Amino acid sequence: MLPLSAWLESSLYGENGYYNNPARVGKEGDFYTSVSVSRFFGAGIANYILKLLESSSLRLPLYIVEIGAHKGFLLKDIADFLCALGKDSLFSQLHFYTIEPLAQLQIAQKATLRDLTNFCVYDSLQSLESTLTPNAQSLFFVSNELLDSFCVDIFLQDSMFFVDGNCGRWVESKKCDLSWAQKDLRASLEKLKLNGAYPPNLKPFLTQIAKCAKKSQSAYFLTFDYDKLGAQNPSSFIRAYKNHQVFSFEEIQNLGFNAFYQVADMTADVDFEFVAHLFENLEFFQVFNKAQNKVLLEECALFEVVESFEKSCDFSLYQKEAAKLRALLDPQILGERFRGVCFCYNAPL
């Protein structure tokens, strides 16, 4: 019998795990993200970075770090548009990194970003932190659908969910042999009176982000993901994506866990209020929490980028890319629950 988080760790990240095959994400795979839809997603983020530099919220040299980069296409789009929108003197002071523990994805990212001379892959945030010189650089962390890929445990009142062979089982959590991270998570949820699916490794991850940030002049953490928005429906605790079909927590249990082991993406919505609570204890403050289309329009000024792109490129290419914008901006497609959330750390003067 395994805690759900341990079963997910093996299914998603173990040897032959789901994420070890880069082909599983994208339009031909089990699901695709905004990165696959249009390069303007990365362009908007690039424009947001430029605005932070112009306002001195970020300073040069700037390290732009993508976590959970898959094949590296988002970071490439950000770099390409920063090169196009900025000046040569600016681009020479930008450094691009990915954090990637999986060897197959490291290879894919290096291939995608091979033309960037100022690019490096690190296998962990600890490795990145060890290279940072105190107060010598700013940091901009970016991720897309990262937090929902964390392995979760499910707590409901006094019970915790386990996978027992092919079946699920609820066990009284205080009688379980839990890791330190699981005990700490359970205590936090009890204090905040929360139930549902939460990652025991979320707090250690954010703590490591904070350790990197505290060696910088300033740091931003921008991420996009599905937010719980207060929903505590047990049927939506986790879901599986397999062959472009979505399976609820109830359907996963009915079909049996073996049907999804290492062949399906399994995720949980993110409780961004809980993320904000953890980040605030690490001296970060929330800059914004908005639906993705509002982030792209209001924070990233995406139409500025579109106009600039129209003036500087072949019209047929502009038409092709502009036609894809609806999937990024139409609230009927992703809805209010798909959020862009940004946090900031400013070093003490």
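Here's what I pulled together on the structure shown here.

Calculation rules
- Residues numbered from 1 in each chain as written.
- Predicted model: local features only at pLDDT ≥ 70, side-chain atom pairs only at ≥ 80, totals over all residues.
- Heavy atoms only, no water.
- Helix = DSSP H or I, 4+ residues; strand = E, 2+ residues; numbered from the N terminus.
- Contact = heavy atoms within 4.5 Å.
- Areas by Shrake-Rupley, 256 points an atom, 1.4 Å probe, with all protein chains shown as cover.
- Pairing = 2+ DSSP bridges.
- Axes fitted to C-alpha atoms, helices over the stretch in contact; angles between N-to-C directions.
- Parallel < 35°, antiparallel > 145°, perpendicular 65-115°, else oblique.
- Left-handed = near helix turned anticlockwise from the far one by under 90°.
- Nonpolar A, V, L, I, M, F, W, Y, C, P; charged D, E, K, R; others polar.
- Buried < 20%, exposed > 50% of the residue type's maximum accessible area, 1.4 Å probe, protein only.
- Lys, Arg positive; Asp, Glu negative; His and termini not counted.
- Salt bridge = Lys/Arg side-chain N within 4 Å of Asp/Glu carboxyl O.
- Polar contact = N/O pair within 3.5 Å; in protein donor to acceptor, adjacent residues only side chain to side chain.

1. Some remarks on the overall build of the chain
Working step 1: Scanning the chain for helices and strands turns up 16 helices and 15 strands.
Working step 2: A sequence separation of at least 24 residues applies to 77% of the contacts in the chain between residues at least 6 apart.
Working step 3: Only carbon and sulfur atoms are counted for the fraction: they give 49% of the accessible area of the chain, which is about 15,800 Å².

2. A closer look at the sheet that holds strand 4 (residues 119-122)
Each strand in a sheet pairs with another by means of backbone hydrogen bonds, the pair being arranged parallel or else antiparallel.
Working step 1: Read from one edge to the other, the open sheet built from seven strands follows the order 4-3-2-5-10-15-14, with strand pairing classed as mixed. The outermost strands of the open sheet, each flanked by one partner alone, are strand 4 and strand 14 (285-291). Between one strand axis and the next, the sheet turns by 15° as a mean value, whatever way the strands run.
Working step 2: Across five bridges, strand 2 (residues 62-67) lies against strand 5 (residues 138-144) in parallel orientation. Bridge pairing in strand 5 links Tyr63 to Leu139.
Working step 3: Those strands touched by helix 4 (residues 73-85) are strand 2, strand 3 (94-99), strand 4 and strand 5, and its axis lies near 175° from that of strand 3.

3. What about the packing of helix 9 (residues 202-213) against helix 11 (residues 272-280)?
Working step 1: Closest axis-to-axis distance for the helix 9/helix 11 pair is 10 Å, and the angle between their directions is 45°. In this view, helix 9 runs oblique relative to helix 11, as classed from their interaxial angle. Once helix 9 is placed against helix 11, the crossing between them reads as right-handed. Contacts between helix 9 and helix 11 involve Leu202, Lys203, Leu206 and Ile209 from the first element and Phe274, Val275, Leu278 and Phe279 from the second.
Working step 2: Across the contact of helix 9 with helix 11, the residue classes tally to seven nonpolar, no polar and one charged.

4. Some points on the side chain of Glu129
Working step 1: Within the secondary structure, Glu129 sits in helix 7 (residues 125-131).
Working step 2: We note that Glu129 is buried and unpaired, the nearest opposite charge coming from Lys215 at a distance of 4.9 Å.
Working step 3: At 2.6 Å, the side chain of Glu129 forms a polar contact with the side chain of Gln208.

5. Things to note about the pattern of salt bridges
Working step 1: The final tally for this structure, using the stated rule, is twelve salt bridges.
Working step 2: Between Lys175 and Glu172 there is a salt bridge whose closest N-O contact spans 3.5 Å.
Working step 3: Given the relative accessible area of 68%, Lys175 is considered exposed.
Working step 4: Given the relative accessible area of 39%, Glu172 is considered partly exposed.
Working step 5: Glu283 serves as the salt-bridge partner of Lys214, at 3.1 Å between the closest nitrogen and oxygen. In this pair, Lys214 is assigned in the loop between helix 9 and strand 10 (218-226) and Glu283 in the loop between helix 11 and strand 14, connecting sequence segments 69 residues apart.
Working step 6: A network of salt bridges, in which partner residues are shared, links Arg39, Lys76, Asp77 and Asp80.

6. A few points about the sheet that holds strand 13 (residues 265-267)
Working step 1: Sheet architecture is open: three strands sit in the order 12-11-13, paired in antiparallel fashion. Single-partner strands in this sheet number two, and they are strand 12 (245-247) and strand 13. On average, each strand axis in the sheet is tilted by 25° relative to the strand beside it, whichever way the strands run.
Working step 2: The sheet contact formed by strand 11 (residues 239-242) and strand 13 spans three bridges and is antiparallel. The partner of Tyr241 across the bridge, within strand 13, is Asp265.

7. Points about unusual backbone geometry
Working step 1: Put simply, Leu60 and Pro61 share a cis peptide bond, and its omega is -5°.
Working step 2: Tracing the chain through its elements places Pro61 in the loop between helix 3 (40-54) and strand 2.
Working step 3: Even without a glycine there, the phi angle at Asn16 is positive, about 65°.
Working step 4: The topology assignment puts Asn16 in the loop between helix 1 (4-13) and helix 2 (34-37).
Working step 5: Taking the relative accessible area as the measure of exposure, Asn16 reaches 60% and is therefore exposed.
Working step 6: You will see that Asn243, though not glycine, has its phi angle at about 55°, which is positive.
Working step 7: Looking at where Asn243 falls in the secondary structure, it is placed in the loop between strand 11 and strand 12.

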